[in-house]
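For reference, the chains in residue letters:
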Amino acid sequence: MDTPPQTAPIVLGIGRWLNRPMVYKRRYLPSLGAFATFEVAAKHLSFTLAGNELNVTQAAISQQIRGLEKALGTVLFVRKHNSLELTTAGQTILAAVSSGLDRLCEAIESLHHPEETPVITCSGTNAAVTYWFKPYMDRFRCMHPEVQFVLLASDEDDTLRNFDEVDISLICGNERCDVGETLHYLFPEIVEPVCSPEYLRRCGPFPDPASLAGAELLTLHPKHWSSEAIGWFPITWNDWFSAHGIEAPSRHPPIVSNNYPILVDAALAGHGFVLGWHHFVRPLVAQGRLCALFDAPLRVDRGSYLKVNKSSRDKPAVQEFIEFILSDLAQVEQGHLPRP
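The shown structure was predicted, so the numbers you read here are calculated from the model rather than taken from an experiment.

A. Molecular detail of the packing of helix H2 (residues 32–44) against helix H3 (residues 47–54). Contact geometry of H2 with H3 gives a least axis separation of 8 Å together with a crossing angle of 125 degrees. It follows from the interaxial angle that H2 and H3 lie oblique. Seen along the crossing, H2 lies across H3 with a hand that is right-handed. When H2 is examined against H3, the residues Thr37, Val40, Ala41, Lys43 and His44 are found in contact with a partner set consisting of Phe47, Leu49, Ala50, Glu53 and Leu54.

B. Inspection of the packing of aromatic side chains at higher detail. Applying the stated rule across the entire model yields 19 aromatic pairs. On the basis of an interplanar angle of 70 degrees and a centroid distance of 6.1 Å, the ring pair of Trp132 and Phe187 is categorised as edge-to-face. In this pair, Trp132 sits in helix H6 (residues 126–143) while Phe187 sits in strand S6 (residues 182–194), placing the two residues 55 residues apart along the sequence. On the accessibility criterion, Trp132 (3% relative accessible area) is buried. Taking relative accessible area as the criterion, Phe187 reaches 1% and is therefore assigned buried. Ring geometry for Tyr260 versus Trp277: centroids 5.2 Å apart, planes at 90 degrees, classification edge-to-face. Residue Tyr260 is located in helix H9 (residues 260–268), and its partner Trp277 is located in strand S9 (residues 273–277); the two are separated by 17 residues in the primary sequence. The pair formed by Tyr260 and Trp277 is uniform in burial state, with each residue classed as buried. Taken together, Trp132, Phe133, Tyr136, Phe140, Phe149, Phe187, Phe321 and Phe324 form an aromatic cluster joined through their ring pairs.

C. Looking closely at the nonpolar core. The biggest cluster of nonpolar side chains holds 60 residues, and the ones touching the most others in it are Trp132, Phe280 and Phe321. It is H6 that contributes the most residues to this core, nine residues altogether. Beyond its immediate sequence surroundings of up to four residues, Phe280 is in contact with Ala127, Ala128, Tyr131, Trp132, Leu170 and Tyr260.

D. Expanded view of the sheet that holds strand S5 (residues 168–172). One open sheet holds the eight strands; their spatial order is S4-S3-S5-S10-S6-S9-S7-S8, and the pairing between them is mixed. Here the strands that pair on one side only, and so sit at the sheet edges, are strand S4 (148–153) and strand S8 (256–257). As paired elements, S6 and S9 share four bridges and run antiparallel to each other. Directly across from Val194, in S9, lies its bridge partner Val274. Strands in contact with H6 are strand S3 (119–124), S4, S5, S6 and strand S10 (298–308); relative to S4, the strand with the most contacts, it is inclined by about 170 degrees. On top of the sheet, helix H11 (residues 316–330) reaches S3, S4, S5, S6 and S10; it is set at about 45 degrees to S6, its chief contact.

So, how was this worked out
- Residues numbered from 1 in each chain as written.
- Predicted model: local features only at pLDDT ≥ 70, side-chain atom pairs only at ≥ 80, totals over all residues.
- Heavy atoms only, no water.
- Axes fitted to C-alpha atoms, helices over the stretch in contact; angles between N-to-C directions.
- Helix = DSSP H or I, 4+ residues; strand = E, 2+ residues; numbered from the N terminus.
- Parallel < 35°, antiparallel > 145°, perpendicular 65-115°, else oblique.
- Left-handed = near helix turned anticlockwise from the far one by under 90°.
- Contact = heavy atoms within 4.5 Å.
- Phe/Tyr/Trp six-rings, centres within 6.5 Å; stacked < 30°, edge-to-face > 60°.
- Buried < 20%, exposed > 50% of the residue type's maximum accessible area, 1.4 Å probe, protein only.
- Core = buried A, V, L, I, M, F, W, Y, C linked by side-chain atoms within 4.5 Å.
- Pairing = 2+ DSSP bridges.

Structure representation (C-alpha cells):
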C-alpha cells in the first residue's frame, strides 16, 4: 500500500485542530492550462471536439483530464461508450473555472481598455458659463454624479470653442460651424431690464420704460469684448431705449464693468437695473431674486446655438447632456419673463 504524501495529513490535522475547514493552498493547484482544457471538454462533453477546438489530439485531452482528476483527487467525468457526463464534482469545478477565467479575461481587457470617467468640457463667455452652463451642470450631476465637468469661460478668446478638448459651446450668431460639427438652435437673443425686489421697494415704482431714465442703470463697459474677440457686439442700454423710442439718459451709470456676472450680482444686491438676457436671468426672475416690471423686451435678429465638436458626437455622456438641455428648453417659453 502506497504511503500518502505527508503534506495532506499535516494540513488536515491542523484544520481539525483549529476546528475549521481546510483551505486548499494555491501552490498545490494544477496548472491553469489544465483547468482551461477541462472547461472546453465540459462545454463539448467530448474529448474529440475539445481536441479539435484546441488543435491537439483526443488522446492529449484525455491525458490532461486524467492528470487533473488525479491532482484534484476526484472524478470529473463519467465516461460512457460514446459520450461524457459531468459528475457533481465536475459541475462544481466547472462553475468555479468558468467564473475565474471570465474574471481573468475582464481584468486583462481592463488593462488595454480601462474604464474612463466621463468628462464633459463646455466653453462660453463668462456669463454663459456662470448663468447657463453651470446651472445645467448642477442639475445634470444630481442625476449623474459620476460625470465630471470642465467649464472654460472667456470674454476675450472665441477660439475656445475650437479646442479639441471642448465638447460643446454656447455661441451667439449664425452659421458659425465647420464641417463635421453640429449646431443646435437654442433661442433668440432677447434682453429686458431687471432689478431686485429690494431696489424696486426702495426706489420705485417704475411703471413704464420711460421711467427708467431716472433709475440706476448698471452698464457693460464698451470694451466688454470686441467683434474680433467674440464675434458679436452686446446689446447696450442705448439700443434698448432707442428701440422703445426713448432718449437714453446722459448721466453716468453708478457701476460699469466689462464682466457681466459682476453687473448681475450688483443688481441682485439692489444697486440698480441690469439689462437681463432672458436665457441668463430667467431662473433668477423665476426665483423672485430679480423682477421684470413691464413687458418691454428687445429682440435682435440673431440666435444662440449649442455647438457640438465633431469628436464629441460619439460620447454617450455628452449626448445625454445635450438631450437634457434641449428637452428642458423645449418646455420653456423663451419669449417672456415671469412677471411679479
